[in-house]
Amino acid sequence: SKPGILTDWPWKCLGSFKHVILAPWVIHQLHSYMVKDENERDLSSFLIFPFLLSRMFHNQIWITLSRHRTAKGNNRIVDKSIEFEQVDRERNWDDQILFNGILFYVGSKTLPGASHLPMWRTDGVIITILLHIGPVEYLYYWLHRALHHHFLYSRYHSHHHSSIVTEPITSVIHPFAEHIAYFTLFEIPLITTILTGTASVISFAGYITYIDFMNNLGHCNFELIPKRLFSIFPPLKYLMYTPSFHSLHHTQFRTNYSLFMPIYDHIFGTMDKSSDTLYETSLHKQEDSPDVVHLTHLITPESFYHLRLGFTSLASRPYTSKWYLWVMWPVTFWSMMVTWIYGRTFVVERNLFKNLKLQTWVVPKYRIQYFMQWQRQSINSLIEEAILEAEERGVKVLSLGLLNQGGHNRNGELYIQRYPRLKVKVVDGSSLAVAVVLNSIPKGTTQVLLRGNPSKVASSIAFALCQMGIQVAVVQKDEHHKLKVGFGTDAGNNLVLSKSYAQKTWLVGDGLTEEEQLKAAKGTLFIPFSQFPLKKLRKDCFYYSTPAMLTPKYLENVDSCENWLPRRVMSAWRIAGIVHALEGWDVHECGNTVFNTERIWQASLKHGFHPFMMATESKP
């Protein structure tokens, strides 16, 4: 609340280019290792950069694991929400790794005995362990208590405690000055082993990895330490904390100050009395049973990084392709292999809407696979398994999200016919998508151009507009004929076959070609009715987002964006499932069935959802 000196990191002004500060050290060390003779090469210094990368990978594993487990709900400790504010505050969690990297490089060059380290020294490992148990843990305990004095707390440590519900990376979210103090403590074993000539690569890497592991463990917000460990070795309770132990420090503030070993809280009487109770409660907490499940799938191989389980900084922003993700193609490839081999739907997100528990499940398939004939059976089996699991767990509504592609499950009708006694209501969300598009058309519009692949959303929009007296133009004869047959005489009179593209309002779907888009008149408004956004080719035209609505503030635990949509904006297909559950509608919406569009539109507004259109011009 009152930032003190050295609060900001020195490279804050570099923004996302901050990682270049390591480039001179890395390049110099790589060049030195390559040009020197084998006997002169310093392997320990060369390994600094790979070790820094491994630390980032280690932390990312914890982030993914924590977010997956807390979304499922089993063993979750603090049952509160995380919002975008916390994600933004914790975005620069890798600053401390850059800081450590600089110190390691400087130390290896300036400290006698800090270079050309052996891989292993038993005496050095023992010294590191003893110094951590003694001076490091003791001094940290009193430093931590000092940081909770109002003078230091308001200037430094309150930044860390802004996160009541912790994530693994919360552990390293501190002002720069605090990290200087922490590293000063942690370097006691490192410097001692260097000065005594007992340092080794394993003792250095092992100690830092231990610190990272315990930090992530203590802030992961789910209990995973089995009780039998403390039964087998009772003194362990004084030597290793649990996630629930440190979680109490973030909710109570004045207890459980210890670093990783609770012994000093026991000695000085600052252990929270509810530590054991919370540990037992968290350990036995069962997985959540959601009321509404949104079933979706991956889009592209790199879209995995944009999931809530992926990179938090990417997930908290609308989906866009990043050039640096191409550098990670080996990781991307293996993530694809894992999703294909694992072959099971997984939970990525939980939300709370009034009294409804919401979850998002992801089918491990990519968009392109929905158009492959040989993938149809596998995809249908995964969706069917998800529906049956939802039925077994008492889910009220399951919305199909992006899974209505390829036409091979007839918008979910296949599963309803196969299991006619399903209690869970399967909703494809078409009615709300139609309603959003209809209410996005500017007032006073007298004619629109309809373009895109045939679908029940497209035909429903066309029929509704014709009934409203708005002329709907199509450019293909077969499309005109099919729509005309289903409309009847009155509505059909407003459906016309057009040879021009002069209409100022275009309702477009997936089938719109680039050539057709270029034929649009200047100032044309493109309104998508498809689930995927239109590629913006025209700088002189305007583009609406895919059918979506703004969510009310009481939708909780929103810390990621839904694909390409802005923050706190949700697709119409996903909202439809929530509204069905809120209203208690005992009907499916799948196959050729379209729910009453006006009714679901009014119900959405009643429950706090707001229209969202966001017209944007295409960028050069």
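Everything here concerns the structure above.
What comes next concerns the included structure. No experiment lies behind these values; they were computed from the predicted model shown.

### A few points about empty space enclosed by the protein
Step number 1: The final tally for this structure, using the stated rule, is seven cavities of 30 Å³ or more.
Step number 2: Along the wall of the largest cavity there are 37 residues; nearest its centre are Glu349, Cys561, Glu562, Asn563 and Arg574.
Step number 3: Looking at the lining of the largest cavity, the elements with two or more residues in it are strand E1 (292-297), helix H15 (312-315), strand E2 (346-353), strand E3 (356-363), strand E14 (569-571) and helix H24 (572-583).
Step number 4: Counted by class, the lining of the largest cavity contains 17 nonpolar, 14 polar and six charged residues.
Step number 5: Looking at the second largest cavity, its volume works out to about 360 Å³.
Step number 6: What lines the second largest cavity is a set of 28 residues, among which Ser171, Tyr182, Phe186, Ile211 and Asn215 lie closest to the centre.
Step number 7: When residues of the lining of the second largest cavity are traced back to their parent elements, those giving at least two are helix H5 (95-110), helix H6 (122-147), helix H7 (150-161), helix H8 (176-195), helix H9 (201-218) and helix H12 (243-252).
Step number 8: Across the lining of the second largest cavity, the residue classes break down as eleven nonpolar, 15 polar and two charged.

### Side note on unusual backbone geometry
Step number 1: Residue Leu6 is not a glycine yet carries a positive backbone phi of 60°.
Step number 2: Within the fold, Leu6 resides in the segment before helix H1 (23-35).
Step number 3: We classify Leu6 as partly exposed; its relative accessible area is 47%.
Step number 4: For His116, which is not glycine, the phi torsion reads 50° and is therefore positive.
Step number 5: Locating His116 in the fold gives a position in the loop between H5 and H6.

### Brief notes about H6
Step number 1: Across its 26 residues, H6 extends 35 Å between first and last C-alpha, which sits within 8% of the 38 Å expected from 1.5 Å per residue.
Step number 2: The principal kink in H6, of about 40°, is found at His132, preceding the proline Pro135 by one to four residues.
Step number 3: Within the span of H6, buried status applies to Gly124, Val125, Thr128, Leu131, His132, Val136, Glu137, Tyr140, Tyr141, His144 and Leu147.
Step number 4: Tucked inside the fold, the buried residues of H6 contact H7, H8, H9, H12 and helix H13 (263-268).

### Here we look at a nonpolar patch on the surface
Step number 1: Among the surface-exposed residues, Tyr138, Leu139, Trp142, Ile267 and Phe268 lie close enough to one another that they form a single nonpolar patch of about 460 Å² accessible area.
Step number 2: Among the elements of the structure, H6 and H13 are those that each provide at least two residues to the nonpolar patch.
Step number 3: Tracing the backbone shows Leu139 in helix H6.
Step number 4: Look at Leu139 and you get partly exposed, because its relative accessible area is 40%.

### Topic: the sheet that holds strand E15 (residues 610-611)
Step number 1: Strand order in the open sheet formed by three strands is E14-E12-E15, with antiparallel pairing between adjacent strands. Lying at the two open borders of the sheet, with one neighbouring strand each, are E14 and E15.
Step number 2: Here two bridges tie strand E12 (residues 548-550) to E15, and the two strands are oriented antiparallel to one another. Bridging across to E15, Met549 finds its partner in Pro611.

Cut-off values and rules
Just so you know, the residues in each chain are numbered from 1, in the order the chain's sequence is written. With pLDDT at 70 or above as the cut-off, local features in this predicted model cover only qualifying residues; side-chain atom pairs require 80 or more to be listed or tallied, and sums for whole chains, interfaces and linings still use all residues. To get the side-chain values, take all heavy atoms of the structure and skip hydrogens and water. A cavity here means a set of points on a 1 Å grid, drawn over the protein atoms and nothing else, where a 1.4 Å probe fits but cannot get out; a pocket is an open set with protein on both sides within 12 Å along at least five of seven lines, and a residue lines either one if it has an atom within 4 Å of a point. Grid points are joined across faces, edges and corners, and a volume is the space filled by probe spheres set on the points. Starting at the N terminus, helices and strands are each numbered in turn, a helix being any DSSP run of H or I of at least four residues and a strand any DSSP run of E of at least two. Under the grouping applied here, Gly and all other residues not named as nonpolar or charged are polar, the nonpolar ones being Ala, Val, Leu, Ile, Met, Phe, Trp, Tyr, Cys and Pro and the charged ones Asp, Glu, Lys and Arg. Here's how the labels work: a residue is buried when its accessible area is under 20% of the maximum for its type, exposed when over 50%, partly exposed in between, all with a 1.4 Å probe on protein chains only. A helix is expected to reach a length of 1.5 Å times the quantity of its residues less one. The bend reported for a residue corresponds to the angle between axes fitted to the seven residues ending at that residue and the seven starting there. Residue contacts follow a heavy-atom distance rule, with two residues in contact if any of their heavy atoms lie within 4.5 Å. Patches here: salt-bridge-free residues with over 30% relative accessible area, like charges joined within 9 Å, nonpolar side chains (Val, Leu, Ile, Met, Phe, Trp, Tyr) joined within 5 Å. Accessibility throughout is a Shrake-Rupley quantity obtained with a 1.4 Å probe, and a residue counts as covered only by protein chains that appear here. For this analysis, a salt bridge means a side-chain nitrogen from Lys or Arg found within 4 Å of a carboxyl oxygen belonging to Asp or Glu. A pair of strands is treated as paired once DSSP finds two or more bridges between them.

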